[in-house]
Amino acid sequence: MLMVVSSRGHRDMHDKTKTPIIGITAKTLPNDLVEWGPTAVGIFHTYIEAVIAGGGVPMILPLSLDDDVIGLLVESCDGFLFTGGDDIDPTKYNEKNLHAGAVDPVRDTFELKLLTQIEHTNKPLLGICRGMQMLNVARGGTLYQDIPLQRPNSLDHSYTKKVQDYTILSHDVLIDSGTLLKTILETDSIGANSQHHQAVKELGTNLVASATAEDGVTEAIEDPTKPFVVGVQCHPETLFASTEHRWLALFEQFVAACRGHHSSALPNVIAVSPEEIELELSAIK
């Protein structure tokens, strides 16, 4: 069988019954092959596995600062997963860098541009850890640059790093009633890992806190004015297949929401046999 591109509408393979494409943000990585060569772009495989487990097709996004390229990415993807990584540069939320660690300026700029263009659509968005924080910053919110220094009586939110195991549950996440997250997970409390030293401080426009830790640190946010805009501070992509299976529902519902926002930007790729090609050519002649 050959794969060809066709524009015949009755054979459209990219409709609302098909698998949605989920754009996954990446991070800048060192070049492990050639030290003096260009940097690389990538992301942990657990995000990819979570999207697949939820029923979506993962697509890692390039760190392009070209507005036209970003526009095409927004047009081509059915939903977006903003992933974890380095701290966000505090200047992005109008603060001096007092306690932030390593930052990735190119990634910060790309993700802010991407979020700006996504805002003009109703396409679903899921933010994880840094991804949740970036969503808040893009909406004009702020962050605690360092929880131990700025909230000294808090839980140990870097516990996962200390035990070096993402599957160990650090604390419970207490979910507020009447929130989308509560509807998705169908529980008031769920176990979470914890790998962050920053946290949401002031909420951005139209965002509400939908879950907290026992110490009051925000563990989830969402936008009730949008069909699906959710952020979680923990890393459920490392838990759903191991110690807290209930997190799978988050990825399933995220992908389900994306299924209703299929893009028409991609060509219709269909399977065509050699015999069909011969018939098409004969008709043209």
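Model, not experiment: these values are computed from the prediction.

J.: It is not clear to me how the pattern of salt bridges should be interpreted in this structure. Could you clarify?
T.: Side-chain pairing between opposite charges can occur once the charged atoms of the two side chains come close. Overall, the coordinates contain ten salt bridges when judged by the stated rule. Among the salt bridges present, the one from Lys113 reaches Asp67, with a minimum N-O distance of 2.7 Å. Of this pair, Lys113 sits in helix 3 (residues 105-118) while Asp67 sits in helix 2 (residues 67-76), and the two are 46 residues apart along the sequence. Asp67 gets classed as partly exposed once you look at its relative accessible area, which sits at 43%. Across the pair Arg139 and Asp223 runs a salt bridge, and its minimum N-O distance is 2.8 Å. Note that Arg139 is positioned in the loop between helix 4 (130-138) and strand 8 (143-144) and Asp223 in the loop between strand 13 (218-222) and strand 14 (229-232), a separation of 84 residues in sequence.

J.: Which parts of the structure should I look at to understand the packing of aromatic side chains?
T.: Each aromatic ring pair is summarised here by two numbers: the centre-to-centre distance and the angle between the ring planes. Applying the stated rule across the entire model yields two aromatic pairs. Seen in terms of ring centroids, Phe228 and Phe254 are 5.6 Å apart; in terms of plane orientation they differ by 45°. Their pairing is tilted. Here Phe228 is found in the loop between strand 13 and strand 14, whereas its partner Phe254 is found in helix 8 (residues 248-259), with 26 residues between them in sequence. A single burial state applies to Phe228 and to Phe254, both of which are buried. Taking 5.9 Å as the distance between ring centres and 55° as the angle between the ring planes, the aromatic pair formed by Phe240 and Phe251 counts as tilted. Within this pair, whereas Phe240 is found in the loop between strand 14 and helix 8, its partner Phe251 is found in helix 8, the two being separated by eleven residues in sequence. Like Phe251, Phe240 is buried.

J.: Help me understand the side chain of Glu237 in this model?
T.: Mapping Glu237 onto the fold places it in the loop between strand 14 and helix 8. Within the buried core, Glu237 has no salt-bridge partner, and the shortest N-O distance to an opposite charge, that of Arg107, equals 10 Å. There is a polar contact of 3.5 Å between the side chain of Glu237 and the side chain of Tyr47. A polar contact of 2.7 Å, which involves the side chain of Glu237, links it to the side chain of His235. Ignoring any residue separated from it by four or fewer positions in sequence, one finds Glu237 in contact with Thr46, Tyr47, Ala50, Ile128 and Phe251.

J.: Just to check I follow, could you spell out unusual backbone geometry for this structure?
T.: If a residue is not glycine, its phi is most likely negative; likewise, a peptide bond is most likely trans. The phi angle at Gln164 is positive, at roughly 55°, despite the residue not being glycine. Within the secondary structure, Gln164 sits in the loop between helix 6 (159-163) and strand 9 (171-175). The phi angle at Asn206 is positive, at roughly 65°, despite the residue not being glycine.

J.: Explanation requested: the side chain of Arg130 in the structure shown.
T.: Looking at the element boundaries, Arg130 is found in helix 4. Overall, the relative accessible area of 1% leaves Arg130 in the buried class. Within polar-contact distance, the side chain of Arg130 engages the backbone oxygen of Asp87 at 3.5 Å. Of note is the side chain of Arg130, whose polar atom sits 3.3 Å from the side chain of Glu111. Residues within four places of Arg130 in sequence aside, it is in contact with Thr83, Gly84, Gly85, Asp86, Asp87, Ile88, Arg107, Asp108 and Glu111.

About the criteria used
Residues numbered from 1 in each chain as written. Predicted model: local features only at pLDDT ≥ 70, side-chain atom pairs only at ≥ 80, totals over all residues. Heavy atoms only, no water. Salt bridge = Lys/Arg side-chain N within 4 Å of Asp/Glu carboxyl O. Helix = DSSP H or I, 4+ residues; strand = E, 2+ residues; numbered from the N terminus. Buried < 20%, exposed > 50% of the residue type's maximum accessible area, 1.4 Å probe, protein only. Phe/Tyr/Trp six-rings, centres within 6.5 Å; stacked < 30°, edge-to-face > 60°. Lys, Arg positive; Asp, Glu negative; His and termini not counted. Polar contact = N/O pair within 3.5 Å; in protein donor to acceptor, adjacent residues only side chain to side chain. Contact = heavy atoms within 4.5 Å.

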